[in-house]
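One letter stands for each residue in the lines below.
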Amino acid sequence: LEQFVSKEQVGCGCGRLGTVLESPGVCISKPAQGIINMYLGPVAGGEIAANACKYIADCFAKGGLNPEYMDDVRPALWKKAASNSGFNTVCAVLGLTMKQVYEDENAFGLVKDILKEASDTASALGIADNLYDGLINDCPKTVASYGDYYPSLAQDFLIYKRPTEVNTLSGAISRFGKIAGVQTPVCDVLSEVVRAVQA
């Protein structure tokens, strides 16, 4: 985007919305209740991007979501990626729904390890000091909303047999961990397992 407009005009964000492709052309969205489920903010500050992101957040609120505008949206992006990495990767590799993973001590232990590796990496990169506590606190609400659900990576891996988003989830935590000098053994191994099977 910066090839066409100034950086001060660029905003970004993320949503925390479970979706299921019910049939061709029919996508069912399941926003989790009781948590912020949409984050928006400018990439590099700037009034134009800030105003646009505030406007978009207001549109989402009128549509029934629970959005939040942030001057620095990077912690929210990392929280989203971390949360997705944990349940997506573990559900895929184990062939379990989110509720089944959450209720199994060993499976949920893997999720917690991924969340910790993501939090440590974000901290080393100067993005957020401690994402881990918030991520753990959100797990019961997330599972209450999506418990019987296979998250998107697990759907692609288990059901549709197509390439997954592993490189932008746990694989990205591994990649940024190497840049930041943070060990990410669980993300490393589970990402390789997903890549090997999908190949």
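Summary of the structure given here. Everything quoted here is computed from the prediction, not taken from an experiment.

1. Description of the nonpolar core
Within the largest apolar cluster, 33 residues are counted, with the highest numbers of intra-cluster contacts made by F87, V90, V101, V111 and I114. Listing elements by their share of this core, those giving two or more residues are α2 (74–94), α3 (98–103), α4 (105–124), α5 (132–146), α6 (152–160) and α8 (185–198). The greatest single-element share of this core, amounting to 7 residues, is contributed by α4. Not counting residues within four places of it along the chain, the set of residues in contact with F87 comprises M98, V101, Y102, F108, V111, C139, V143 and P151.

2. Considering a nonpolar patch on the surface
On the surface, a cluster of nonpolar side chains totalling about 370 Å² of accessible area is made up of V93, L94, V189, V193 and V197. Those elements that provide at least two residues to the nonpolar patch are α2 and α8. Per-element accounting of the nonpolar patch gives the leading share, 3 residues, to α8. Secondary-structure assignment places L94 in helix α2. Owing to a relative accessible area of 40%, L94 belongs among the partly exposed residues under this scheme.

3. Quick word on the sheet that holds strand β5 (residues 67–69)
By way of backbone hydrogen bonds, the strands of a sheet pair with one another, either parallel or antiparallel. The 3 strands are arranged β1-β4-β5 in an open sheet whose pairing can be described as mixed. Whereas interior strands pair on both sides, the edge strands pair on one side only; in this sheet they are β1 (11–15) and β5. Direction aside, the axes of adjacent strands within the sheet are offset by 15° on average. As defined by bridge partners, β1 adjoins strand β4 (residues 38–42) across 5 bridges and the pair is classed as antiparallel. Of the residues in β4, the one forming a bridge with G11 is P42. This element, helix α1 (residues 47–62), spans β1, β4 and β5 of the sheet and lies at about 165° to β4. Most of the contacts of α2 go to β1, to which it runs at about 35°, and overall it touches β1 and β4.

Basis of the calculations
Residues numbered from 1 in each chain as written. Predicted model: local features only at pLDDT ≥ 70, side-chain atom pairs only at ≥ 80, totals over all residues. Heavy atoms only, no water. Core = buried A, V, L, I, M, F, W, Y, C linked by side-chain atoms within 4.5 Å. Buried < 20%, exposed > 50% of the residue type's maximum accessible area, 1.4 Å probe, protein only. Helix = DSSP H or I, 4+ residues; strand = E, 2+ residues; numbered from the N terminus. Contact = heavy atoms within 4.5 Å. Patch = residues over 30% accessible without salt bridge, like charges linked within 9 Å, V, L, I, M, F, W, Y side chains within 5 Å. Areas by Shrake-Rupley, 256 points an atom, 1.4 Å probe, with all protein chains shown as cover. Salt bridge = Lys/Arg side-chain N within 4 Å of Asp/Glu carboxyl O. Pairing = 2+ DSSP bridges. Axes fitted to C-alpha atoms, helices over the stretch in contact; angles between N-to-C directions.

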